[in-house]
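A closer look at the structure
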Amino acid sequence: MEFYERAYASYQDETDELNHFRERFVMSDPGLIYLDGNSLGMLPGATTEKLQNVIANEWGNQLIRSWNQGWYERSKEIAGKLAPLIGARPDEVIMADSTSVNLFKLGYAALRLQTGKKALVSDELNFPSDIYVLQGLIDLFGNKHELRLAKSPDGIGVTIEELEHRLSDDTALLSLSHVAFKSAFMYDMKAVTQMAHNKGAMVLWDLSHAAGAVPINLNACNADMAIGCTYKYLNGGPGSIAFLYVRKDLQERLYSPIWGWFGQNDPFSFSLDYKPAEGIQRFLAGTPPVLSLSAIEPALDMMHEAGIERLREKSLAQSRFLLKLHNHFLESLGFGLGSPEKDAERGSHISLRHHEACRICKALIDPDTGGKTVIPDFREPDNIRLGITPLYTSYMDIYEAVIQIKMIAEQKLYNRFSLQREKVT
Ligand SMILES: *Cc1c(COP(=O)(O)O)cnc(C)c1O
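Residues numbered from 1 in each chain as written. Predicted model: local features only at pLDDT ≥ 70, side-chain atom pairs only at ≥ 80, totals over all residues. Heavy atoms only, no water.

What follows deals with the environment of Leu163. Along the chain, the position of Leu163 falls in helix α6 (residues 160-166). Along the backbone, Leu163 and Ala196 are 33 residues apart, and their C-alpha atoms lie at a distance of 9.2 Å. Once residues within four sequence positions are removed from consideration, Leu163 is found in contact with Ala150, Leu174, Leu176, Tyr187, Val192 and Met195. (Helix = DSSP H or I, 4+ residues; strand = E, 2+ residues; numbered from the N terminus. Contact = heavy atoms within 4.5 Å.)

Lining the immediate surroundings of the ligand are Ser98, Thr99, Ser100, Phe127, Asp130, Ser177, Asp206, Ser208, His209, Tyr231 and Lys232. A distance of 2.7 Å is found between an oxygen atom of the ligand and a side-chain nitrogen or oxygen belonging to Tyr231. With the chains in place, 87% of the 390 Å² that the ligand exposes on its own is no longer accessible. Its residues placed into classes, the shell around the ligand shows two nonpolar, six polar and three charged. (Near = heavy atom within 4 Å. Polar contact = N/O pair within 3.5 Å; in protein donor to acceptor, adjacent residues only side chain to side chain. Areas by Shrake-Rupley, 256 points an atom, 1.4 Å probe, with all protein chains shown as cover. Nonpolar A, V, L, I, M, F, W, Y, C, P; charged D, E, K, R; others polar.)

For the coordinates displayed, the defined rule picks out two cavities of 30 Å³ or more. Taken as a whole, the largest cavity spans an internal volume of roughly 50 Å³. Taken together, Gly212, Tyr233, Asn235, Met303, Leu311, Thr389, Pro390, Leu391 and Tyr392 make up the lining of the largest cavity. Grouping the amino acids of the lining of the largest cavity by side-chain chemistry returns six nonpolar, three polar and no charged. Counting only domains with at least three residues in the lining of the largest cavity, you end up with domain 1 (6-30 + 307-416) and domain 2 (48-304). In this model, the second largest cavity occupies a volume close to 30 Å³. Lining the second largest cavity are Asp123, Leu125, Asn126, Ser177, Ala180, Phe185 and Tyr187. Here the residues of the lining of the second largest cavity sort into four nonpolar, two polar and one charged. (1 Å grid on protein atoms, 1.4 Å probe; cavity = no way out; pocket = protein on both sides within 12 Å on 5 of 7 lines; lining within 4 Å. Points joined across faces, edges and corners; volume = space filled by probe spheres on them. Domains from an automatic or database assignment.)

Now for helix α4 (residues 99-113). Between its first and last C-alpha, α4 extends 21 Å over 15 residues, near the 21 Å set by a 1.5 Å rise per residue. Where the residues of α4 are buried, they touch β3 (119-123), α5 (128-140), β5 (171-177), β6 (202-206), β7 (225-228) and β8 (243-246). (Expected span 1.5 Å × (residues − 1).)

Looking now at the sheet that holds β6. Sheet strands associate in pairs through backbone hydrogen bonding, adopting either a parallel or an antiparallel arrangement. Taken together, the seven strands give an open sheet; going across it, the order is β2-β8-β7-β6-β5-β3-β4, and neighbouring strands pair in mixed fashion. Here the strands that pair on one side only, and so sit at the sheet edges, are β2 (93-95) and β4 (146-150). Taking each pair of neighbouring strands and ignoring which way they run, the sheet shows an average axis angle of 20°. Across five bridges, β3 lies against β4 in parallel orientation. (Pairing = 2+ DSSP bridges. Axes fitted to C-alpha atoms, helices over the stretch in contact; angles between N-to-C directions.)

Rendered as structure tokens:
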């Protein structure tokens, strides 16, 4: 059986020991192929039940009493379940705010500690919000810092030499995405962290496209700080609460810029003087969103059941399958690879480049195109991002998506669509 035959994909699904997890997600349209779990993870069936209970029982019946019946501890509980997924201790992680806000809080804390150092370093593949936050911090600290962005010659990756070249003894902070949102390029976290430490810089990792997608070991890498979202590979739901990590020995030396009551040493003393809580709690600001917190739990439990190592193994096998299908069916139709070829340098999505990427995405999503409806996403200027989320992506999903892309490109079915980009892509 050859890899480009339909039967091959179906055989892979039959012999895939993680395949059964797929049934635990809400799939109301069996004809839909969802390859955007790297942007918004699917809804686990158990989350619907869980939230119904939290709303009807904990909120509806128990009302404010629920704060002492589990709500106050929930943030800690969820952080405790997330910690092993990112190689951190439970007392080094909290659930709080959004990724952008957490980046601001930790970036501020780092600059406050690293007084006198004048450079911030990132790369041009980083998520724009991350760059904006760094620019905003520079403004907040009186425009005394310089932001240096490491360059990517191909828009896919950044070499460690290039990064090293941007770092200097006056670098306060190196802030990077572990996995790049567009190309899925993945840094060697340990090597980069060590290199930055050798220059005296602190390192802040954004794990948004990595958490739940690849094994991460913050402790083994001696990482200083990290942040990330839970609505992508962690399936926490749209806009779900983000997380934040600070290495234990750094916690007492860092201060949040938002001195809110949940980060106070004893919030319910209602004292009028702020005294930061000991440990990681000091990075909380206000009341946690209990509904959002509750929604993450079933997905985290499922992730532990499957095991991040096994998920990574499947993700790599599926990625290689997709790469082979691309080479076989798509390369001759004007497609090119927008992601690293090496497994160790790639997260869990694959970007295919095509000069008609925007309209090809529209044709994939539109049910009137005929064939299968496929949901990928489009990233400027020419990337079709195909997310591989091994808890629920099947080999057949990948196969059929490639066949659909091939049909659309061959027959130029994208011509029906305008070049205008949608508000959210
Ligand atoms: C998705 C993502 C974010 C999202 O930030 P929000 O504050 O949740 O909007 C931030 N950084 C990276 C690298 C991302 O991939």
